[in-house]
Amino acid sequence: QVQLAESGGGLVQAGGSLRLSCAASGLTLSDCHMGWFRQSPGKEREFVAAISWRGGITYYTDYVKGRFTISRNNAKNMVYLQMNSLKPEDTAVYYCAADNRSGDLHRTRDPYDYWGQGTQVTVSS
């Protein structure tokens, strides 16, 4: 049984910060590329950030570059998303995803095999 669980979401004012965490069970995250995605009501789930197996490569959507940082601690089997300078348009449910197949680090949803249930981030103006 493989499960991912996000935590750390909440309500924050514009300009504030949140740190999201993703914990895994039944899966060794050091074998996986990891991604963060987000989804607002009525919109498709969109790519936010990704990190390679051992953390050597990271990708970000242009909307969050310079504000968000993805990181991982494989010894703890966890992945993080530090979100700074938050904007109201960052409001969404944020999902952690794992790709346990060999290959490229992806910026799209389909290659990821496992998904968490999401954590709500709300940024007020």
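Preceding this section is the structure that the text describes.
Heads up: these notes are all about the structure in this document. (Residues numbered from 1 in each chain as written. Predicted model: local features only at pLDDT ≥ 70, side-chain atom pairs only at ≥ 80, totals over all residues. Heavy atoms only, no water.)

## Focus: the state of the cysteines
The full count for this structure, using the stated rule, is one disulfide. Each sulfur in the disulfide pair Cys22 and Cys96 lies 2.1 Å from the other. Between Cys22 and Cys96 the sulfur-sulfur dihedral comes to about -80°; the bridge is accordingly left-handed. Taken together, the positions of Cys22 in strand β3 (residues 18-25) and Cys96 in strand β9 (residues 92-99) put the pair 74 residues apart, joining distant regions of the chain. Each of the two residues, Cys22 as well as Cys96, counts as buried. (Disulfide = S-S within 2.5 Å. Helix = DSSP H or I, 4+ residues; strand = E, 2+ residues; numbered from the N terminus. Buried < 20%, exposed > 50% of the residue type's maximum accessible area, 1.4 Å probe, protein only.)

## Comments concerning the side chain of Ser52
As for its placement among the helices and strands, Ser52 is situated in the loop between β5 (46-51) and β6 (58-60). Of the residues examined, Ser52 reaches a relative accessible area of 8% and is grouped as buried. Aside from chain neighbours lying at most four places away, what touches Ser52 is Cys32, His33, Ile57, Arg72 and Leu105. (Contact = heavy atoms within 4.5 Å.)

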